[in-house]
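Fold and geometry: a report
Residue strings, one per chain:
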Amino acid sequence: LHGVIDALAHYRDTDFPEGANLLDNWGLVHALFHHSDLLVCRPWRDWHVRPGRALRDLKPAPYFPQLWTADGELALLKRATSRPVRRTAMAMLKKRTIGEIGADRLLPLLEHDDPDVATLAASLIENAPDLAAIPAETWIKLLEVRNPTVLDVICSIVTRVVDGSRLSDDDVLRLCTSEAAPVSRMAVGWLKGRKPASLVLLARVRDRIAAKTAVAFARANGAPVLDFLDSPSEPVRREAWPWFTEAGDRSLWPKLLESPYDDIRLA
């Protein structure tokens, strides 16, 4: 099996300019689809789709199915450099249970360059029974992934299995300023009951909903309102304006006239 995986990993997308070119790669088709009832093969020559069938319906049917394990399918998915091979490995893995694969071994795939691979990993991991055993630090790092579908799943898992009260103030404040709205909204929920030494990072919150909670928290904990009126984040400035007007600190008026932000100067 290792030799087959090595060979399959060498296929590139340039070997498949069109979908039908899959059948031009005799060795690949032999290894992954030999027993497919959709295909007909002239020995050692070429493969054809049976009359009345369509290549789009092709499913994995490897030559030696008994040799393929979750380990082998996962290894192929990680090493594959062509989309057809990755898609086949994904189709094979979909038939496995999360117990056969292991959630911890799927975690690196959440950051895969192919969004389809990352989404598959997220769907397999989502309901795994052993997620609480994975260190909180691992989940926090994964909150930096760019795939929005995957990030929603990770946030859902983190909300369930990570105790936010055990994270450091620095980690929580940093997550509050995340570009990803789901992460920022989750993190501001962890502010309750905390007394960070500095709250200036909250002035960088970007999400509109998270900004409302962040500014209210800063106000309740004695942060300088000017830090939030000078924020590069428009949602933060909008939430800080009522705080400023209600506080009635006239000494800040001259400073606000020098603000680089039109919404503050005009207000």
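Summarised in this report is the structure supplied together with it. (Residues numbered from 1 in each chain as written. Predicted model: local features only at pLDDT ≥ 70, side-chain atom pairs only at ≥ 80, totals over all residues. Heavy atoms only, no water.)

A short note on the layout of surface pockets
Take a probe with the size of a water molecule and roll it over the atoms, and the empty space left behind shows itself. The computed volume of the largest pocket comes to approximately 470 Å³. Surrounding the largest pocket, 18 residues form its lining, Leu-22, Leu-58, Pro-84, Arg-87 and Thr-88 being those nearest its centre. Of the residues forming the lining of the largest pocket, the biggest block, six residues, is contributed by helix 4 (residues 83-93). Broken down by class, the residue content of the lining of the largest pocket amounts to nine nonpolar, two polar and seven charged. By volume, the second largest pocket is sized at about 260 Å³. Taken together, 13 residues make up the lining of the second largest pocket; nearest its centre are Leu-143, Glu-144, Ser-178, Glu-179 and Ala-180. Classifying every residue of the lining of the second largest pocket by side-chain character gives six nonpolar, two polar and five charged. (1 Å grid on protein atoms, 1.4 Å probe; cavity = no way out; pocket = protein on both sides within 12 Å on 5 of 7 lines; lining within 4 Å. Points joined across faces, edges and corners; volume = space filled by probe spheres on them. Helix = DSSP H or I, 4+ residues; strand = E, 2+ residues; numbered from the N terminus. Nonpolar A, V, L, I, M, F, W, Y, C, P; charged D, E, K, R; others polar.)

Describing helix 1 (residues 2-9)
Among the residues of helix 1, those classed as buried are Ile-5, Leu-8 and Ala-9. Down the axis of helix 1, the buried side of the element spans an arc of 100°, and every buried residue falls inside it. Elements in contact with the buried residues of helix 1: helix 2 (26-33), helix 3 (70-79) and helix 4. (Buried < 20%, exposed > 50% of the residue type's maximum accessible area, 1.4 Å probe, protein only. Arc of directions from axis to C-beta. Contact = heavy atoms within 4.5 Å.)

A few points about the environment of Arg-146
Structurally, Arg-146 is set in the loop between helix 8 (136-142) and helix 9 (148-161). For Arg-146, a relative accessible area of 69% corresponds to the exposed category. Residues Arg-146 and Arg-206, 60 residues apart in the sequence, show an inter-C-alpha distance of 16 Å.

Concerning the packing of aromatic side chains
A complete count under the given rule lists seven aromatic pairs for this structure. By way of ring pairs, the aromatic residues Trp-241, Phe-244 and Trp-253 are connected into one cluster. Of note, Arg-237 hangs over the ring of Tyr-261, and the distance from its end group to the ring centre comes to 3.9 Å. (Phe/Tyr/Trp six-rings, centres within 6.5 Å; stacked < 30°, edge-to-face > 60°. Lys NZ or Arg CZ within 6 Å of the ring centre and 35° of its normal.)

What about a nonpolar patch on the surface?
On the surface, a nonpolar cluster with roughly 400 Å² of combined accessible area is contributed by Leu-1, Val-4, Tyr-63, Phe-64 and Leu-67. Following the sequence through the fold, Leu-1 ends up in the segment before helix 1. (Patch = residues over 30% accessible without salt bridge, like charges linked within 9 Å, V, L, I, M, F, W, Y side chains within 5 Å. Areas by Shrake-Rupley, 256 points an atom, 1.4 Å probe, with all protein chains shown as cover. Salt bridge = Lys/Arg side-chain N within 4 Å of Asp/Glu carboxyl O.)

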